[in-house]
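# Examining the three-dimensional arrangement
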Amino acid sequence: MMNYPLTLAQMLEHAHRIHGDKRVQTVLPNGKMHDYTYAVLYERVKRLANVITELGVQRGDRVATYAANTYQHLELYYAIPCIGAVLHPLNIRLSAVQLAQIVHEAEDKLIFVDGMFTEQFEELRHKIGCKQIVRFNLNPADTDTFYEQLLGEVEPAYTWDIQDENWAMGLCYTSGTQGEPRGVLYTHRSMFLHTLAVNQADVFGLTEADVVLPLVPMFHAMAWGLPYACMFAGADMVLPGPKPTCIANLIAENGITVAAGVPTVWANAYPELLRRRKDISSLRRVIVGGEAASPTLIEAYEKELGVEVCHAWGMTEMSPTGTFSKLRGTHQNLSDAKKWRIKAKQGRPVPGVELRLAPEASTNFTELPWDGETVGEVQVRSPWTANRYYKSEPTTEHFTDDGWLRTGDLATIDAEGYMQIVDRAKALIRSGGESISSVALETALLKHPRVLEAAVIGIPDEKWGERPLAVVVLDEQARKKILDDLKQRLAVEFPKFWIPDRFVFVDEIPKTSVGKSDKRAIFAMFASNGKQVAGGSGTSHPKGEIS
Ligand code: ADP
């Protein structure tokens, strides 16, 4: 067979030649829609390749982006890797201090910045010294080079020359939920194979007829691979832009068929989607991941909105997709309740991904059974899984001697191959020598109709080592009445010692930069003997604590 290199340039050429009339739409800062075809995008990507080259970027150089989901960001997603440089999307929600460290480690040569973020970028700019900066969506205060002007000044022709599919194409940092962000370097080959894998019918299953709304930011784990998966499949894309927009409007006005985002996005959008049920009838599938989606959320979308919910699990280290939860043919006759319980699991490995369960914290590897009950650490290998972190040698904390990634996630896997995350190893609560799963408690709490958000953390306890503390966002009037209810509900499912001693009601659970529950921030708020630490998180004010 031909030794044909798997590169992003091939994907772009295919998208242009076969799907040139397909559309990319972006919500502009003024609320209007920018709309163009893949053919126009292709021509601009070639010009952009010339711009980046003329700015002195060479093969292997890192080029950063500081941007939301926009057409310019999509152009950069192709132009940077296709000239042999490395696309490095910066997480705009990290602090300037964290980002400065990341830019320093990555040695980014050039940064493309959305003018909408001029003010928040200033702090970072001071910390990183004089980097070359190009802006788009220009703000009147900007004095940097203007993207559109540069595009107008160069030749439209460019010949791709990726000589090796193992050249790096992208660099993404983890969002830092459990420690400092770590860099992961993707290759053309790994991203190409990830794209083919997620486009399988039993995974994202995108087709040319789809209109896709990626709500997951392009700086979070490469937007779950959607910018590449959509264009390779030929799907239309609607990009939500730098300002928050009404999701129901976007779906209704653009005939969105598939949308992807973290559970919080879907929980927040639900009331409006329910009101607009008739207008959003085009929506056939929601992809949810990044943290556990509750069975209640899945049930609400499937039962009340008639939208299929697919739960996905992955990590930045895995490009990021690892498992995907869809029902098997044999499940079709099950009751709805049973179906939703299966769908709330994180799913079966995407073909190409190998999973195994290992005893937690054991140096001698013995594979644990797939019986749906035995809990172990999930270990992974695949053509799109990292074998080390950027600029560091593999350590046994993250990689096994026989070359598997230690995910740090604890899970069960059943005989059909459905994985169910119990918790992150570091988030498991250790009480009197026993383990308590914060995720299981959160899932149970979320089943209560009055609970909007829930996060459970372990706080130090003299007698037991750690005890669970539940932080929940409640309907205001129901707060007092509900406490007994919650405890009773937990008591049905769990032994007495699992029941949190205290419940704290808040307006909002603190979130990480990518919208997940920020357990470290919650811990900081409540770590001093479980009482709120003065001046805790800016947005979440505990309303009261009831024991
Ligand atoms: P970070 O590790 O900094 O949060 P990532 O965004 O790469 O960065 O997060 C990967 C982790 O997110 C996984 O190891 C897992 O703990 C969690 N995760 C991702 N998807 C799911 C899911 N569907 N259910 C439960 N946990 C998930």
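Small disclaimer: the values here were computed from a predicted structure and weren't measured.

## Focus on the layout of surface pockets
Considering only enclosed or pocket space, the second largest pocket measures out at about 940 Å³ in volume. If you go around the second largest pocket, you meet 34 residues; those closest to its centre are R93, L215, P217, P244 and V265. Elements with a minimum of two residues in the lining of the second largest pocket: α9 (247-254) and α10 (263-275). Per-element accounting of the lining of the second largest pocket gives the leading share, four residues, to α10.

## With respect to the side chain of H311
Its place among the elements puts H311 in strand β14 (residues 308-314). In this structure the side chain of H311 is engaged in a polar contact, spanning 3.0 Å, whose partner is the backbone oxygen of A344. Within the local environment of H311, its side chain forms a polar contact with the backbone oxygen of K345, the two atoms lying 3.1 Å apart.

## Digging into empty space enclosed by the protein
Throughout the structure, instances matching the rule amount to one cavity of 30 Å³ or more. What the largest cavity holds in volume is close to 50 Å³. Lining the largest cavity, in full, are H88, P89, L90, N91, L94, L99, I102, C172, Y173, T174 and F219. Of all the elements in the fold, those that place two or more residues in the lining of the largest cavity are β4 (86-89), α4 (96-106) and β8 (168-173). A per-class count over the lining of the largest cavity returns eight nonpolar, three polar and no charged.

## With respect to the pattern of salt bridges
Counting across every chain of the model gives 32 salt bridges. Across the pair E107 and K391 runs a salt bridge whose closest N-O atoms are separated by 2.6 Å. Linking E107 in the loop between α4 and β5 (110-114) with K391 in the loop between β18 (376-381) and β19 (405-413), this pair joins segments that are 284 residues apart in sequence. E308 serves as the salt-bridge partner of R285, at 3.0 Å between the closest nitrogen and oxygen. Taken together, the residues span a long stretch of sequence, with R285 in strand β13 (residues 285-289) and E308 in strand β14 at a distance of 23 residues.

Criteria and thresholds
- Residue numbering note: each chain is counted from 1, following its sequence as written.
- Selection of residues for local features in this predicted model requires a pLDDT of at least 70, selection of side-chain atom pairs for listing and counting requires 80 or more, and totals for whole chains, interfaces and linings are taken over all residues.
- Working from all heavy atoms in the structure, the side-chain values ignore hydrogens and water.
- Here the term cavity refers to a set of points on a 1 Å grid, laid over the protein atoms alone, in which a 1.4 Å probe fits but cannot get out; the term pocket refers to an open set having protein on both sides within 12 Å along at least five of seven lines, with lining residues being those that place an atom within 4 Å of a point.
- Grid points are joined across faces, edges and corners, and a volume is the space filled by probe spheres set on the points.
- Helix and strand definitions follow DSSP, with helices as H or I runs of at least four residues and strands as E runs of at least two, each counted in order from the N terminus.
- Distance and chemistry together define a polar contact, namely a pair of N or O atoms within 3.5 Å, with one atom able to donate a hydrogen and the other to accept it when in protein, and with adjacent residues in sequence counting only for side-chain atoms on both sides.
- Each residue gets one of three labels, nonpolar for Ala, Val, Leu, Ile, Met, Phe, Trp, Tyr, Cys and Pro, charged for Asp, Glu, Lys and Arg, and polar for the others, Gly among them.
- For salt bridges, the criterion is a side-chain nitrogen of Lys or Arg within 4 Å of an Asp or Glu carboxyl oxygen.

None of this, on its own, says anything about what the molecule does.
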